[in-house]
Amino acid sequence: MLGSVAIFVPGISVKKMGKAITLPVDSIYFDLEDSVAPDQKDEARDCLRNFLAARDFGQKCLLARVNSVGSPWWNQDVAALAGCRKLSALLLPNADLASVSILTDQLERFDSHLKIVPLIETARGLEEAREAVLVSSRVSGLQFGGEDYTASLGIRRTLTGEEIAYARVRLTNLARAYNLDMMDTPFTAIQELELLAADCRRAVDMGFTGKAVIHPGHIEIVRQAFRPDEADIEKARRLIAAYEQQTGERAGVFALDGAMIDAPIIQRARNTLKKAGL
Ligand code: COA
Ligand code: MG
């Protein structure tokens with residue numbers, strides 16, 4: 001549902017929201033939380049609602065990031081958006097078991113169609129992520145937030161991300177176990193494109209299904225990183241072709257180019273073609 005690239009856009013900025021529609025992203029996260037100042041929360045909510053009603057978004061998957069459960073604004077955010085058919089889900093910041101349960105109850109009350117994408121960005125959120133996923137059939141994916149997560153741990157945040165490796169691998173395993181989309185944290189250094197590319201490679205290798213961005217200049221790099229390259233696709237095709245030739249006579253294991261090939265290796269090759277949309 002979320003695809004490989006999602007862009008955050010402040011719900012208070014009609015200009016940026018308008019631009020987001022034109023960008024080659026799979027999902028748009030309209031933000032009412034951290035990118036909106038406290039004295040603009042009501043204005044942003046109205047602005048987003050009007051914008052959603054007025055515009056056409058094609059195939060893009062639309063989410064709104066509401067304010068945290070327990071904040072002065074979240075109830076009104078949910079009430080304003082629960083019936084908006086253009087949205088697929090609410091992105092829930094600082095998510096943990098309690099807040100996912102409360103938001104689920106609230107959406108039930110409104111008889112809303114909306115799914116929930118918990119934003120895992122606290123130590124408690126990470127510990128409770130599995131229970132949060134299991135408590136609500138509305139949870140359709142997860143988003144990781146590295147900035148708040150490191151703030152909640154009281155540790156520094158680096159451009160190379162060693163400090164978030166543990167959280168990332170825990171989340172990708174959880175998401176795979178329950179067949180959920182798993183979106184990686186955005187990379188906030190707007191100009192550091194080589195470091196962004198390296199960060200994306202780590203995310204791909206860990207099993208994220210996509211990554212959020214905060215700036216249009218990051219979209220193409222993220223998209224490319226999540227698409228298998230030609231060499232990977234070619235190799236996958238060769239493996240599958242060799243396997244299909246073999247299976248007639250000797251299903252199971254065989255050697256190709258000096259390496260053992262068996263079922264999991266073929267499964268990985270099939271995963272590669274699937275990711276490439278082939
Ligand atoms: N979505 C859509 N358009 C965006 C955008 C975004 N997230 N970020 C920048 N743009 C647009 C700008 O409006 C500008 O458009 P223009 O060329 O038509 O005038 C263009 O892209 C270039 O932007 P730039 O001048 O480099 O950035 P900026 O200084 O205007 O904005 C940020 C920098 C960080 C404030 C901005 O990228 C942003 O708001 N990002 C999202 C922040 C957010 O939602 N945070 C919460 C979640 S972590
Ligand atoms: Mg935050």
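As shown above, the structure is provided for reference.
Residue positions are counted from 1 within each chain, in the order its sequence is given. Written order decides the labels, with chains lettered from A and ligands numbered from 1. Totals for whole chains, interfaces and linings use every residue, but because this is a predicted model, local features are given only for residues with pLDDT of at least 70 and side-chain atom pairs only at 80 or more, for both listing and counting. Side-chain measures were taken over the full set of non-hydrogen atoms in the model, leaving aside hydrogen atoms and water.

### A look at the overall build of the protein
So, step 1. By the criteria applied, helices consist of DSSP H or I runs no shorter than four residues and strands consist of E runs no shorter than two, each listed in order from the N terminus. Looking only at helices and strands, the protein has eleven helices and ten strands in total.
So, step 2. Along the first, second and third principal axes, the C-alpha atoms of the protein reach 70 × 40 × 35 Å.
So, step 3. Every residue pair with non-hydrogen atoms within 4.5 Å of one another is taken to be in contact. Sequence separation of at least 24 residues holds for 72% of the intrachain contacts in the protein that already meet a minimum separation of 6.
So, step 4. Note that accessible areas follow from Shrake-Rupley with a 1.4 Å probe, and for residues the cover is restricted to the protein chains shown. Element-wise, carbon and sulfur atoms account for 50% of the exposed surface of the protein, whose accessible area totals about 13500 Å².
So, step 5. Working convention for charge: Lys and Arg count positive, Asp and Glu count negative, and His plus the chain ends are omitted. Taken as the charge centre is NZ of Lys, CZ of Arg, CG of Asp or CD of Glu, depending on the residue. Across the protein, 34 positive and 37 negative side-chain charges occur, with their mean positions spaced 3 Å apart.

### Brief notes about unusual backbone geometry
So, step 1. One non-glycine residue with positive phi stands out, namely Asp111, at about 55°.
So, step 2. By the secondary structure assignment, Asp111 is in the loop between helix 4 (97-109) and strand 5 (115-120).
So, step 3. Here's how the labels work: a residue is buried when its accessible area is under 20% of the maximum for its type, exposed when over 50%, partly exposed in between, all with a 1.4 Å probe on protein chains only. Its relative accessible area of 68% is what places Asp111 among the exposed residues.
So, step 4. Its identity is not glycine, yet Asn179 carries a phi of approximately 55°, on the positive side.
So, step 5. Among the secondary structure elements, Asn179 is positioned in the loop between helix 7 (165-177) and strand 7 (181-184).

### Re the pattern of salt bridges
So, step 1. Only one rule defines a salt bridge in this text: a Lys or Arg side-chain nitrogen within 4 Å of an Asp or Glu carboxyl oxygen. The tally for this structure, following the rule as stated, stands at 16 salt bridges.
So, step 2. Between Asp77 and Arg45 there is a salt bridge; the shortest N-O distance is 2.7 Å. Here Asp77 is found in helix 3 (residues 74-81), whereas its partner Arg45 is found in helix 2 (residues 41-54), with 32 residues between them in sequence.
So, step 3. In this structure, Glu127 engages Arg170 in a salt bridge whose closest nitrogen and oxygen atoms are separated by 3.0 Å. On the criterion of sequence distance, the pair formed by Glu127 in helix 5 (residues 123-135) and Arg170 in helix 7 is long-range, its members being 43 residues apart.

### Topic: the coordination of the magnesium ion (ligand 2)
So, step 1. Coordinating donors are taken to be N, O and S atoms lying within 2.8 Å of the metal, or within 3.2 Å when the metal is Na, K or Ca; because water is excluded from the atom set, some sites may appear incomplete. Each protein donor to the magnesium ion (ligand 2) is listed here as Asp34 (OD) and Asp148 (OD); together their distances run 1.9 to 2.1 Å. Taken together, the residues span a long stretch of sequence, with Asp34 in the loop between strand 2 (27-31) and helix 2 and Asp148 in helix 6 (residues 146-153) at a distance of 114 residues.

### Some points on the sheet that holds strand 2
Note: strands within a sheet are paired through backbone hydrogen bonds, in either parallel or antiparallel orientation.
So, step 1. Paired strands, in this sense, are two strands between which DSSP finds at least two bridges. An order of 1-2-3-4-5-6-7-8 is seen for the eight strands of this closed barrel, with the pairing classed as parallel. Averaged over all adjacent pairs, the angle separating strand axes in this sheet is 25°, with direction ignored. Axis definition: a line fitted to C-alpha atoms, over the contacting stretch in the case of helices. Angles run 0 to 180 degrees between N-to-C directions.

### Thoughts on the environment of Ala89
So, step 1. Summarising the element assignment, Ala89 is placed in strand 4 (residues 89-92).
So, step 2. Spatially, the C-alpha atom of Ala89 lies 7.1 Å from that of Leu62, the residues being 27 residues apart in sequence.
So, step 3. Apart from the residues lying within four places of it in its own chain, the contact partners of Ala89 are Met1, Leu62, Leu63, Ala64, Leu114, Lys115, Ile116 and Val117.

### Re the site of ligand 1
So, step 1. Being near a molecule or strand, for a residue, means having at least one of its heavy atoms within 4 Å of it. Taken together, 14 residues surround ligand 1, and among them Phe8, Lys15, Lys16, Ile214 and His215 come closest.
So, step 2. Polar contacts, as counted here, are pairs of nitrogen or oxygen atoms within 3.5 Å of one another; within protein the pair requires one atom able to donate a hydrogen and one able to accept it, and residues that are adjacent in sequence qualify only if both atoms are side-chain atoms. Measuring from a nitrogen atom of ligand 1, one finds a backbone N or O atom of Phe8 at 2.8 Å.
So, step 3. Contact between ligand 1 and Lys16: an oxygen atom at 3.0 Å from a side-chain N or O atom of the residue.
So, step 4. Calculation on ligand 1 without its partners gives an accessible area of 890 Å², and the protein chains cover 60% of this total.
So, step 5. Judged by the fraction of its atoms near the pocket grid, ligand 1 is located in the second largest pocket.
So, step 6. At the level of elements, strand 1 (5-10) and helix 1 (14-22) are the ones that each hand at least two residues to the shell around ligand 1.
So, step 7. Ranked by the residues each element gives to the shell around ligand 1, the list is headed by strand 1, at four residues.
So, step 8. When its residues are assigned to classes, the shell around ligand 1 shows seven nonpolar, two polar and five charged. Site definitions follow a grid-based scheme: protein atoms alone, a 1 Å grid, a 1.4 Å probe that fits but cannot get out for cavities, and for pockets an open set with protein on both sides within 12 Å along at least five of seven lines, plus lining residues having an atom within 4 Å of a point. Occupancy of a cavity or pocket is assigned to a molecule whenever over half of its atoms lie within 2 Å of that pocket's grid points. Residues are grouped as follows: Ala, Val, Leu, Ile, Met, Phe, Trp, Tyr, Cys and Pro are nonpolar; Asp, Glu, Lys and Arg are charged; every other residue, Gly included, is polar.

### Concerning the side chain of Thr104
So, step 1. The topology assignment puts Thr104 in helix 4.
So, step 2. Its relative accessible area of 10% is what places Thr104 among the buried residues.
So, step 3. In terms of polar contacts, Thr104 uses its side chain to reach the side chain of Ser136, at 3.0 Å.
So, step 4. Other than its neighbours up to four places away in sequence, Thr104 contacts Ile116, Ser136 and Arg138.

### What about the packing of aromatic side chains?
So, step 1. Pairing of aromatic side chains requires ring centres within 6.5 Å, counting the rings of Phe and Tyr and the six-membered ring of Trp. Pairs whose planes differ by under 30 degrees are stacked, by over 60 edge-to-face, and all others tilted. All told, the structure shown has six aromatic pairs when counted by the stated rule.
So, step 2. Judged by centre distance (6.1 Å) and plane angle (75°), the ring pair of Phe30 and Phe57 falls under edge-to-face. One end of the pair, Phe30, is in strand 2; the other, Phe57, is in the loop between helix 2 and strand 3 (61-65), and 27 residues separate them in sequence. Here Phe30 matches Phe57 in class, with each residue buried.
So, step 3. Aromatic rings pair up to connect Phe30, Phe51 and Phe57 into one cluster.

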